[in-house]
Amino acid sequence: EKGGYDYFMLKEIAEQPKAVADTLLGRVDESGVLSLDEVRIEDSVLREATKVVIVACGTAFHAGMIAKYAIEHWTRIPCEVELASEFRYRDPILDPRTLVVAISQSGETMDTLMAVRHAREQGAKVLAVCNTNGSTIPRESDAVLYTHAGPEVAVASTKAFLTQLVACYLLALYLGQVRGTQWGDEIRAVVRELAAIGTQVEQVLGTMEPVRELARSLAEKNTVLFLGRHVGYPVALEGALKLKELAYMHAEGFAAGELKHGPIALIEEGVPVVVVVPSPRGRSVLHDKIVSNIQEIRARGALTIVIAEDGDETVVPYADHLVRIPRTPTLLQPMVSTVPLQVFACELATARGNEVDQPRNLAKSVTVE
Ligand code: M6R
C-alpha cells in the first residue's frame, strides 16, 4: 500500500505532480475559460463580494496565506487570512457580501468547522476547499471546491497542500474572471504555467539527494530557522512546521524583513538557516533585499541553506548549501519551493529515528477544539 516507499509521506510527496494535474483537470476549457462547476455560489454573489476571509489551521493555513497574495493580486478584493481557532473569538465583521473560504484537507477539523458555522450564522457565504468527499466542512458550507490529491495518510500534509494551492489559484482566477479583473489571455497564461508546475515538481524531486544528505548532517542540531519574503514567507512557516512535527526540533519561520526587529539575535555560529529566495525577475527589489539578509546572517555565522531559482547567480557566494528550483512566476513559486522542505523534514525525522507517518502527539484530523 506504500507503493514501495518506506513511508506514506514519501509516497505522497512523490504523488504531487499527479495530484496537481488531477486538481486542474476539467476546470479550464480549451479556450481558457474557467468553469468551477462545484462552486454553487452564484456569480452575482461572487461579483459583489467586498471581502474574502480565509480560515484554516496548520498547513492549510499556510496555503491560505499564499492564496491571499493571489486573490488580492488577481481580483483586487481585500483578503484576510485567519487561523480558524482564533477567528470566531474576536467577533469578526461578516456580512452577506463576505466570502469566507475554509481550507481543510480532512474536512473534519473542528476549529475550521466552528469557524464555518460562525460565518454562516453571521450571513457570510462559505466556500470550502477540501480533499475529502462528503466530509463535514463541505456539507456545512454553501459550496465546495474539491482538491483531488487522493487520500493523504501521513499526518504531515504534503500533496494536499500543493493541491490546496492549485484550488486557491483557480478560485482567485475565477473570481477575477467573473469580476472582469482578469481577462481571457491572462487566465490562459497562468493556467498554462500552472499546468507546467507538475513537471517542475517532478524535476525538483529528481534532484533531492543533496538535500537528504544535508538533512542527515544536521540531525544533531537543536534549531533550524527559515526565512522568506512575500509568498516565500508562508513557505518558511510551512518548512518550520514540517520540521517541528516530524523531526521534533525547534524550528521557526520568519519574514526576512523582520530579522532586524528581533530574530537576528538568534543567529550564532553554525545555526542552520533556510532562506527561500524570490525570483530575481519581476520583483527584483525583494530579491535584492533577501540577498542582503543572507549576507547579514552569514556574517554572523549562520549556516545558510539557500533555495533559489535556476540561473540566479547572485546568491551563490553566500550559500553554504544551494538548492535549485525551476523558474516559475512569483506567485506560483511556493508550489516548487515547498517540495525540498518536505523532503528535508522527512529525512531529518528518519535520521533522528522518529516515526515519520505517525509523529508523536499528533492526529491526522483534529476533531476537537
Ligand atoms: O485536515 P486539515 O487540512 O483541516 O488539517 C489542518 C491541520 O491540522 C494540518 O494541516 C496539520 O497542520 C498537518 N499535520 C501539517 O502537516
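Look above for the structure.
To keep things clear, this report deals only with the structure shown in the data block.

Calculation criteria
- Position labels on residues start from 1 in each chain and follow its written sequence.
- Only residues with pLDDT of 70 or above have their local features reported here, since the model is predicted, and side-chain atom pairs are shown and tallied only from 80 upward, although totals for entire chains, interfaces and linings are computed over all residues.
- Each side-chain value is worked out from all heavy atoms of the structure, with water and hydrogens disregarded.
- Strands are labelled as partners when DSSP assigns at least two bridges between them.
- A run of H or I in DSSP counts as a helix once it spans at least four residues, and a run of E counts as a strand once it spans at least two, with each numbered from the N terminus.
- Between N-to-C directions, angles cover 0 to 180 degrees, with each direction set by a line fitted to C-alpha atoms, over the stretch in contact for helices.
- Note on contacts: a residue pair qualifies if any of its non-hydrogen atoms lie within 4.5 Å across the two residues.
- Computed over the protein atoms alone on a 1 Å grid, cavities are sets of points where a 1.4 Å probe fits but cannot get out and pockets are open sets with protein on both sides within 12 Å along at least five of seven lines; a residue lines them when it has an atom within 4 Å of a point.
- Grid points are joined across faces, edges and corners, and a volume is the space filled by probe spheres set on the points.
- Ten residues, namely Ala, Val, Leu, Ile, Met, Phe, Trp, Tyr, Cys and Pro, are considered nonpolar, four, namely Asp, Glu, Lys and Arg, are considered charged, and the remaining ones, Gly among them, are considered polar.
- Classification of ring pairs uses Phe, Tyr and Trp, with its six-membered ring standing for Trp, and accepts pairs whose centres are within 6.5 Å; under 30 degrees between planes counts as stacked, over 60 as edge-to-face, and the remaining range as tilted.
- Relative accessibility thresholds used throughout: buried, under 20% of the residue-type maximum; exposed, over 50%; partly exposed, between the two (1.4 Å probe, protein chains only).
- Charge-over-ring placement is defined geometrically: NZ (Lys) or CZ (Arg) within 6 Å of the ring centre, and within 35 degrees of the ring normal.
- Residue types Ala, Val, Leu, Ile, Met, Phe, Trp, Tyr and Cys, when buried and joined through side-chain atoms within 4.5 Å, form a set referred to as a nonpolar core.
- Only one rule defines a salt bridge in this text: a Lys or Arg side-chain nitrogen within 4 Å of an Asp or Glu carboxyl oxygen.

1. Let's talk about the sheet that holds strand S8 (residues 272-276)
Then, in step 1: Reading across from one edge, S7-S6-S8-S9-S10 is the order of the five strands in this open sheet, with parallel pairing throughout. Each end of this open sheet is capped by a strand with a single partner; those strands are strand S7 (250-255) and strand S10 (321-325). Here the average twist between neighbouring strands, direction ignored, is 20°.
Then, in step 2: Looking at chain direction, strand S9 (residues 303-309) and S10 are connected through five bridges and run parallel. By the bridge assignment for S10, Val306 is matched with Leu322.
Then, in step 3: Lying over the sheet, helix H11 (residues 232-247) contacts strand S6 (223-228), S7 and S8, oriented at roughly 175° with respect to S7.

2. Considerations on the layout of surface pockets
Then, in step 1: Taken as a whole, the largest pocket holds about 540 Å³ of empty space.
Then, in step 2: What lines the largest pocket is a set of 22 residues, and nearest its centre among them are Cys57, Gly58, Thr59, Lys364 and Val366.
Then, in step 3: Of all elements in the fold, only helix H4 (58-75), strand S3 (98-104), helix H6 (110-121) and H11 reach the threshold of two or more residues within the lining of the largest pocket.
Then, in step 4: In terms of residue class, the lining of the largest pocket is built from eight nonpolar, nine polar and five charged.
Then, in step 5: The computed volume of the second largest pocket comes to approximately 230 Å³.

3. What to know about the packing of aromatic side chains
Then, in step 1: Within the structure shown, the criterion is met by one aromatic pair.
Then, in step 2: Arranged with centres 6.1 Å apart and planes meeting at 65°, the rings of Trp74 and Tyr169 form a pair that is edge-to-face. With Trp74 in helix H4 and Tyr169 in helix H8 (residues 159-179), the pair connects residues that are 95 residues apart, well separated along the chain. The burial state of Trp74 is the same as that of Tyr169; both residues are buried.
Then, in step 3: Over the ring of Tyr248 we find Arg360; its NZ or CZ atom is 3.9 Å from the centre of that ring.

4. Looking at empty space enclosed by the protein
Then, in step 1: Under the counting rule described, the total for this entry stands at two cavities of 30 Å³ or more.
Then, in step 2: Here the largest cavity defines a volume of roughly 60 Å³.
Then, in step 3: Val211, Leu214, Val274, Ile305, Ile307, Val323, Pro340, Leu341 and Phe344 are the residues that line the largest cavity.
Then, in step 4: Contributions of two or more residues to the lining of the largest cavity are made by helix H10 (209-217), S9 and helix H13 (334-351).
Then, in step 5: Considering every element that reaches the lining of the largest cavity, the biggest residue donor is H13, with three residues.
Then, in step 6: Here the residues of the lining of the largest cavity sort into nine nonpolar, no polar and no charged.
Then, in step 7: One number sums up the size of the second largest cavity: a volume of about 30 Å³.
Then, in step 8: Taken together, Arg229, His230, Val231, Gly232, Val276, Pro278, Thr330 and Gln333 make up the full set of residues lining the second largest cavity.

5. Remarks on the nonpolar core
Then, in step 1: Grouped together as the largest cluster of nonpolar side chains are 93 residues, with contacts concentrated most on Phe226, Leu243 and Phe344.
Then, in step 2: Of the residues forming this core, the biggest block, 14 residues, is contributed by H8.

6. Re the pattern of salt bridges
Then, in step 1: Under the definition given, this model contains 19 salt bridges.
Then, in step 2: Note that Lys18 and Asp22 form a salt bridge whose closest N and O atoms lie 2.7 Å from each other. With Lys18 and Asp22 both in helix H2 (residues 16-24) and four residues apart, this pair spans about one turn of that helix.
Then, in step 3: Given the relative accessible area of 55%, Lys18 is considered exposed.
Then, in step 4: Salt-bridge contacts for Arg117 lead to Glu140; the nearest nitrogen and oxygen are separated by 2.8 Å. Within this pair, whereas Arg117 is found in helix H6, its partner Glu140 is found in the loop between helix H7 (136-139) and strand S5 (143-146), the two being separated by 23 residues in sequence.
Then, in step 5: With relative accessibility at 31%, the residue Arg117 sits in the partly exposed group.
Then, in step 6: By relative accessible area, Glu140 is classed as partly exposed at 24%.
Then, in step 7: Because the salt bridges share partners, they merge into one network encompassing Lys51, Glu80, Glu82 and Arg90.

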